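# Secondary and tertiary structure notes
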Amino acid sequence: MNSIIYWPILIDLEKPTYESQDNASCYSITQIIFVSWLILRFLLNWSLASCGQNSFSSSFGTVKSPNSYGYNYADGLYCVYDIRVSSGYGVKVSWRTFDVKGYMPTCSDDYVEIYIGCQFNMGSIGKFCSENSQKPFTVYSPYECLQLVIKTDSSVGGKGFQADYERISLGNYVHYR
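Calculation notes
Residues numbered from 1 in each chain as written. Predicted model: local features only at pLDDT ≥ 70, side-chain atom pairs only at ≥ 80, totals over all residues. Heavy atoms only, no water. Helix = DSSP H or I, 4+ residues; strand = E, 2+ residues; numbered from the N terminus. Buried < 20%, exposed > 50% of the residue type's maximum accessible area, 1.4 Å probe, protein only. Contact = heavy atoms within 4.5 Å. Salt bridge = Lys/Arg side-chain N within 4 Å of Asp/Glu carboxyl O. Disulfide = S-S within 2.5 Å. Pairing = 2+ DSSP bridges. Axes fitted to C-alpha atoms, helices over the stretch in contact; angles between N-to-C directions. Polar contact = N/O pair within 3.5 Å; in protein donor to acceptor, adjacent residues only side chain to side chain. Core = buried A, V, L, I, M, F, W, Y, C linked by side-chain atoms within 4.5 Å.

Counting its regular elements, the protein chain contains 1 helix and 13 strands. Order of helices (α) and strands (β) in the protein chain, N terminus to C terminus: β-β-β-β-α-β-β-β-β-β-β-β-β-β. Across the 177 residues of the protein chain, 35% fall into the buried class. If you take every contact in the protein chain between residues at least 6 apart in sequence, the share linking residues at least 24 apart comes to 73%.

Laid out in structure tokens, this is it:
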């Protein structure tokens, strides 16, 4: 038997081929399955890798938008970054870099939207972009959760963002619910 093993399937090279009605193309069913598997594997790897790490739970760290070694971020992104620190603490986010194409205040092209709160108590504090403004202000959340969402369209993109987060003591902060 003449065959090739490609995890997770075995391709038998001696299987008969199946021809279309017009005899224009001829493929074995195993070739079709293998090509489909390769495409699916590529798409899954691309979609999983395109946003990078999306969940952060340590007391401090850095969140970065997806880009490849300083190049512009990809078109058509929708990436969600969840930051969650210990219960009883808040979250502070400071921006190192911020280059997200779009014009304030609408940010109709690309934007980063910031949500504070956890799950059902989560609310947006706005969309931010940088073509006619500076990087966003430092964000203080009185909740242990904060979420950053970057959405990009199909036009030219920017370099993205890099933000540091840290757990903060709430002290005299007041929770509004």
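Further remarks concern the pattern of salt bridges. Here the structure, examined in full by the defined rule, presents 4 salt bridges. Among the salt bridges present, the one from E144 reaches R84, with a minimum N-O distance of 3.7 Å. Taken together, the positions of E144 in the loop between β11 (139–141) and β12 (145–151) and R84 in strand β7 (residues 78–84) put the pair 60 residues apart, joining distant regions of the chain.

In the structure shown here, the tally under the stated rule is 3 disulfides. Between the sulfur atoms of C51 and its disulfide mate C79 the distance is 2.1 Å. Taking the sign of the torsion about the S-S bond as the criterion, the disulfide between C51 and C79, at about -75°, is left-handed. Of this pair, C51 sits in the loop between α1 (29–49) and β5 (55–56) while C79 sits in strand β7, placing them 28 residues apart in sequence. Here C118 is linked by a disulfide to C145, with a sulfur-sulfur distance of 2.0 Å. One quick way to see it: the torsion about the S-S bond of C118 and C145 is about 95°, and its sign makes the bridge right-handed. On the criterion of sequence distance, the pair formed by C118 in the loop between β9 (111–116) and β10 (123–128) and C145 in strand β12 is long-range, its members being 27 residues apart. The pair formed by C118 and C145 is uniform in burial state, with each residue classed as buried.

Pairing between the strands of a sheet is mediated by backbone hydrogen bonds and can be parallel or antiparallel. With respect to topology, 4 strands assemble into an open sheet ordered β6-β13-β8-β11, the strand pairing being antiparallel. Looking at strand neighbours, the two that pair on one side only are β6 (60–64) and β11, the edges of this open sheet. On average, adjacent strands in this sheet sit at an angle of 20° to one another, irrespective of strand direction.

Let us look at the sheet that holds β7. Taken in spatial order, the 5 strands line up as β5-β7-β12-β9-β10 in an open sheet, and their pairing is mixed. A strand with exactly one partner marks an edge of an open sheet, and here the two such strands are β5 and β10. Two elements, β7 and β12, share 7 bridges in a ladder whose sense is antiparallel. Across the sheet, the residue bridging to C79 is I150, located in β12.

Following the sequence through the fold, F60 ends up in strand β6. Distance from F60 to K92, taken between C-alpha atoms, is 9.2 Å for residues 32 residues apart in sequence.

Turning our attention to the environment of N132. Here N132 is to be found in the loop between β10 and β11. Distance from N132 to M104, taken between C-alpha atoms, is 6.4 Å for residues 28 residues apart in sequence. With residues up to four places along the chain from it excluded, the contact list for N132 reads G102, Y103 and M104. Of note is the side chain of N132, whose polar atom sits 2.8 Å from the backbone nitrogen of M104.

Turning our eyes to something else, we now look at the nonpolar core. Judged by nonpolar contacts, the single largest core of 25 residues is most densely connected at Y81, I83, V93, W95, L146, L148 and F161. Among the elements of the structure, β7, β8 (89–99), β9, β12 and β13 (160–169) are those that each provide at least two residues to this core. Here this core gets 4 residues from one element, more than from any other, and that element is β8. Other than its neighbours up to four places away in sequence, V93 contacts I83, T138, V139, L146, A163, D164 and Y165.

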